[in-house]
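This is what each chain is made of:
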Amino acid sequence: MKLRWIKTHWTIKKLFSNYVWDIPNNENKVYLTFDDGPTPEITQWTLNQLKKYNAKATFFCIGNNIQKYPELLMEVIKEEHSIGNHTYNHLKGWKTNTQEYIENTKLFDKEYSKLTNESCKLFRPPYGKIKPSQSKILRKMGYKIIMWDVLSVDFDATITPEQCLENVLKNIIPGSIIVFHDSVKAYSNLEYVLPRTLDFLKQKGFICAKLT
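Nothing here was measured: the structure is a model prediction, and the numbers come from that model. (Residues numbered from 1 in each chain as written. Predicted model: local features only at pLDDT ≥ 70, side-chain atom pairs only at ≥ 80, totals over all residues. Heavy atoms only, no water.)

Trainee: What am I meant to see in the nonpolar core here?
Mentor: If you look at soluble globular proteins, the nonpolar side chains tend to sit buried side by side. By size, the foremost hydrophobic cluster in this structure holds 57 residues, and its most contacted members are Leu32, Phe34, Phe59, Ile83 and Phe180. The element best represented in this core is helix H8 (residues 187–203), accounting for five residues. The contacts of phenylalanine 59, once residues within four sequence positions are left out, are Phe34, Thr43, Thr46, Leu47, Leu50, Val76, His81, Ser82, Ile83, Gly84 and Asp182. (Core = buried A, V, L, I, M, F, W, Y, C linked by side-chain atoms within 4.5 Å. Buried < 20%, exposed > 50% of the residue type's maximum accessible area, 1.4 Å probe, protein only. Helix = DSSP H or I, 4+ residues; strand = E, 2+ residues; numbered from the N terminus. Contact = heavy atoms within 4.5 Å.)

Trainee: Help me out: how do you make sense of the packing of helix H7 (residues 161–169) against H8 in this one?
Mentor: How two helices pack is summed up by the angle between their axes together with the distance between the axes. It is the contact of H7 with H8, at a shortest axis distance of 9 Å, that shows an interaxial angle of 40°. For the element pair H7 and H8, the recorded crossing hand is right-handed. Of H8, the residues touching H7 (which contributes Pro161, Glu162, Cys164, Leu165, Val168 and Leu169) are Ser188, Asn189, Tyr192, Val193, Arg196, Thr197 and Phe200. Residues belonging to the contact of H7 with H8 are distributed by class as follows: eight nonpolar, three polar and two charged. (Axes fitted to C-alpha atoms, helices over the stretch in contact; angles between N-to-C directions. Left-handed = near helix turned anticlockwise from the far one by under 90°. Nonpolar A, V, L, I, M, F, W, Y, C, P; charged D, E, K, R; others polar.)

Trainee: When you look at the pairing of strand E3 (residues 82–85) in this model, what are you seeing that I'm missing?
Mentor: Consecutive residues of a regular strand have side chains that alternate between opposite faces of the sheet. Burial along E3 is two-sided: the residues Ser82 and Gly84 and Ile83 and Asn85 are all buried. Inspection of the sheet shows strand E2 (residues 57–61) paired to E3 by four bridges, in the parallel sense. Directly across from threonine 58, in E3, lies its bridge partner serine 82. (Pairing = 2+ DSSP bridges.)

In structure tokens form, the structure reads like this:
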């Protein structure tokens, strides 16, 4: 298992204050997010779990996936969750030319607009890796760059579902933005963790809200 920063340290948040890491509030709101979808069956399962608890969330989608599975994108929107741009091809910013990265982000928006007649101004860089030059351009284009306060690490097959759940429950506070993945790779952990997380949040009086 790789060593990862499960809870984002305040120094990182301060150093990269142009990014949204959390949303402090007095209403006990937390923000569940799901990356890399939409994915057949898994995204629908995720929506069903959220609906059981009247929880809202934000789905950071890959453009290529919304092109392949437009009906799933529309189902997420129908359930009144919000959508974020996760690039068209899940590009790693640190290893991608800035112009190519921006064009790939625009390609997502083109596909999204074609399906919804709307624009999407929430953005999460795949892997959390983005160059300052890429960030600057995207923010000038009106994007909010959404990072996270808590990383579940559900995508890592070397950790147990129990450890994944612990990653989340030990670190959630009001205002936390939590990362999950509605992907094939993450499903074995997500299937265990998401219902238990939602139940925990309900018992503790948290409200699951979507990002806007």
